[in-house]
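# Secondary and tertiary structure notes
Letter by letter, the chains look like this.
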Amino acid sequence: MRILVTGGCGFIGSNFVRFLLRERPEAHVTNFDALTYAGNLENLAEVEEHPRYRFVRGSITDRAAVDAALKDGADVVYNFAAESHVDRSLYEPQTFLDTNVKGTATLLEAAVKAKVKRFVQISTDEVYGSLGKDGFFTETTPIKPSSPYSAAKAAADLWVLAYHHTFGADVVVTRSSNNYGPFQFPEKLIPLFVSNALEDKPLPVYGDGRQVRDWLHVEDNCRAIELVGTKGKSGEVYNIGGKCERENLVVTKAILKAVGKTESLIKYVADRPGHDRRYALDISKIEKELGWSPKVKFEEGLPATVRWYLEHREWWARVKSGAYREYYEKHYGKGL
Ligand code: NAD
Ligand code: TYD
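Residues numbered from 1 in each chain as written. Chains lettered and ligands numbered in written order. Predicted model: local features only at pLDDT ≥ 70, side-chain atom pairs only at ≥ 80, totals over all residues. Heavy atoms only, no water.

## Focus on the nonpolar core
If you look at soluble globular proteins, the nonpolar side chains tend to sit buried side by side. Cut-off, in case you're wondering: Among the buried residues, those of types Ala, Val, Leu, Ile, Met, Phe, Trp, Tyr and Cys that are joined through side-chain atoms within 4.5 Å form a nonpolar core. Type-normalised accessible area, obtained with a 1.4 Å probe on protein chains alone, sets the label of each residue: buried when under 20%, exposed when over 50%, and partly exposed for intermediate values. Counting from the N terminus, the helices are the DSSP runs of H or I reaching at least four residues and the strands are the DSSP runs of E reaching at least two. Between two residues, a contact is recorded if the distance between any of their heavy atoms is within 4.5 Å.
Counting residues in hydrophobic clusters, the biggest one holds 69 residues, and the most contacted among them are F16 and I286. The dominant element in this core, judged by the number of residues it contributes, is helix α1 (residues 11-23), at seven residues. Aside from chain neighbours lying at most four places away, what touches I286 is A224, V228, Y238, N239, I240, G291 and W292.

## Side note on the sheet that holds strand β3 (residues 53-57)
The condition that has to hold: Strand pairing is assigned whenever DSSP identifies at least 2 bridges connecting the two strands. To get an axis, a line is fitted to the C-alpha atoms, and for a helix only the part in contact is used. The angle between two axes follows their N-to-C directions and goes from 0 to 180 degrees.
Judged by pairing direction, the sheet is parallel, and its seven strands sit side by side in the order β3-β2-β1-β4-β5-β6-β10 without closing on themselves. The outermost strands of the open sheet, each flanked by one partner alone, are β3 and β10 (237-240). Strand-to-strand, the axes of this sheet are offset by a mean angle of 20°, without reference to chain direction. Bridge count between strand β1 (residues 2-6) and strand β2 (residues 28-33): five bridges; the pairing is parallel. When the sheet's bridge partners are listed, V5 is paired in β2 with N31. This element, helix α4 (residues 93-113), spans β1, β4 (76-79), β5 (118-124) and β6 (171-176) of the sheet and lies at about 165° to β5. Relative to β5, helix α5 (residues 148-167) is tilted by about 155°, and along the sheet it contacts β5, β6 and β10.

## Considering the environment of I286
Within the secondary structure, I286 is located in helix α9 (residues 284-290). Given a relative accessible area of 0%, I286 falls into the buried group. As a C-alpha pair, I286 and T166 span 120 residues in sequence and 25 Å in three-dimensional space.

## A word on unusual backbone geometry
Glycine aside, residues mostly have negative phi, and peptide bonds are mostly found in the trans state. Even without a glycine there, the phi angle at F183 is positive, about 75°. The residue F183 is located in the loop between β7 (178-180) and α6 (189-198) in this model. Phi angles above zero are rare outside glycine, and K243 is one such case at about 50°. On the secondary structure map, K243 appears in the loop between β10 and β11 (245-247). Residue classification places K243 among the exposed positions, given a relative accessible area of 58%.

## Thoughts on the site of ligand 2
Stated precisely, the cut-off is as follows: Each residue is tested against the molecule or strand, and it is near if at least one of its non-hydrogen atoms lies within 4 Å. Side-chain atoms alone can form a polar contact between residues adjacent in sequence; in general such a contact is a pair of N or O atoms within 3.5 Å, and within protein one must be able to donate a hydrogen while the other accepts it. For accessible areas, the Shrake-Rupley method is used with a probe of radius 1.4 Å. Any residue's cover is judged against the shown protein chains and nothing else. Under this grouping Gly is polar, as are all residues other than the nonpolar Ala, Val, Leu, Ile, Met, Phe, Trp, Tyr, Cys and Pro and the charged Asp, Glu, Lys and Arg.
Around ligand 2 sit 18 residues in total, of which E126, P204, R213, R272 and H275 are the nearest. Contacts to ligand 2 include R272, whose side-chain N or O atom sits 2.5 Å from an oxygen atom. For ligand 2, whose free accessible area comes to 500 Å², the fraction covered by protein is 97%. Only α6 and β8 (203-206) provide two or more residues apiece to the shell around ligand 2. Across the shell around ligand 2, the residue classes tally to eight nonpolar, five polar and five charged.

## Overview of the site of ligand 1
In the vicinity of ligand 1 lie 28 residues, with I12, D33, S84, Y149 and K153 positioned nearest. Backbone polar atom of A34 to a nitrogen atom of ligand 1: 3.1 Å apart, as the coordinates give it. Note that an oxygen atom of ligand 1 is positioned 3.5 Å from one of the backbone N or O atoms of L35. For ligand 1, the protein covers 96% of the area, taking 830 Å² as the surface of the free molecule. Counting residues per element, the ones that place at least two in the shell around ligand 1 are α1, β5, α5 and β7. When the residues that make up the shell around ligand 1 are grouped by side-chain class, the tally is twelve nonpolar, 14 polar and two charged.

## Concerning the pattern of salt bridges
One side chain can pair with another of opposite charge once the charged atoms of both are near each other. Here is the rule we go by: The rule for a salt bridge is simple: a side-chain nitrogen of Lys or Arg has to be within 4 Å of a carboxyl oxygen of Asp or Glu.
Taken as a whole, this structure holds 25 salt bridges when the rule is applied. Residue E226 is joined to R24 by a salt bridge in which the shortest nitrogen-to-oxygen separation is 2.7 Å. Pair noted here: E226 is in helix α7 (residues 218-231) and R24 is in the loop between α1 and β2, with a separation of 202 residues, a long-range link. Residue classification places E226 among the buried residues on the basis of a relative accessible area of 8%. Judged by relative accessible area, R24 falls into the partly exposed class, the value being 27%. Across the pair E236 and K285 runs a salt bridge, and its minimum N-O distance is 2.5 Å. Taken together, the residues E236 in the loop between α7 and β10 and K285 in helix α9 connect sequence positions 49 residues apart. Look at K285 and you get buried, because its relative accessible area is 17%. Because the salt bridges share partners, they merge into one network encompassing R2, D75 and K117.

## Considerations on the state of the cysteines
Applied cut-off: Two cysteine sulfur atoms make up a disulfide if the distance between them is within 2.5 Å.
Applying the stated rule across the entire model yields zero disulfides. With no disulfide of its own, C9 has C222 as its nearest cysteine by sulfur position, at a separation of 14 Å. On the basis of relative accessibility, which here comes to 0%, the residue C9 falls in the buried class. Unpaired in terms of disulfides, C244 finds its nearest cysteine sulfur in C222, a separation of 17 Å.

This is the structure:
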């Protein structure tokens, strides 16, 4: 089984590559990644020499590079590559349009031409927009994205689904909730707050801190994505959630407790413009159709993640300082 994973040097992608190599002895994995600020080869250092793994540097917006990566064909493409941070999408929205929309369209077109059997688009619950206190997003909830990030992801979803509807392309779309776990770039809430707490730096809570996210451990997500990729119905969307809604302040306090620091580190700062209030997913479709449900309890997953950051201080210190980029030059030559 030949598998192309795009964005495999990021958080979820690198966990997914490790998952495939560990769990699927038949999987030969090509990781195609542009190595943006979020792509870190160190995330996959332990499998770099693995006989069923290869890394190719390239952008999904570059058709020639994508064609070259697909030259020997692939059975499945898992498209993780994206600009993924809402706050950055407020300051440089155009990059999100280029990568998340045009990049996905370019990759999909190339995959269809290369006769890839299935295209798996990794999307997000953020395409549905924001909920009030009640209710859940189902796969049939109309999409109503709020940020340039989620609008670009929504456009990519629709593009991929249109290729199924119009051309009969075999595609599936996963819409997962907020992931957490090892190797997450410390710009997102949990790794930023854990690493700041470890450094005795303030934890910047946006607005009143009462926004709600549904937390999903990255291992649970990897398992679900692969299940959708192999058993999901063509042309369908699958929500993947942790059944774990928590207010940001609750998560913040749990992090401080796990790190052993006091709440005096909490610093309320101006709210994010257009901040979505609440995300919550109805996951009955994947539970009933594919028999998946989340296994990692937040009360265990969060302390375990905190421990991982404690034990990998060097990793996140290098990421925060930008030094991780030297790894590329050392191993692959100049040019990052
Ligand atoms: P990330 O920012 O950690 O990693 C993104 C990866 O994509 C990086 O390795 C980067 O170098 C690569 N990349 C960016 N632009 C590229 C391009 N043009 N060509 C090739 N590679 C490129 O992101 P993540 O948190 O691992 O998210 C992965 C996917 O999952 C994204 O599509 C994101 O929208 C989606 N998602 C993430 C979450 C979450 O909580 N992190 C939740 C739901 C969905
Ligand atoms: P984030 O991890 O950026 O994910 P998303 O915005 O895609 O859900 O943020 C999670 C929540 O945490 C979100 O409500 C914004 C909030 N947040 C803060 O309060 N402070 C921060 O420094 C960050 C990065 C996020």
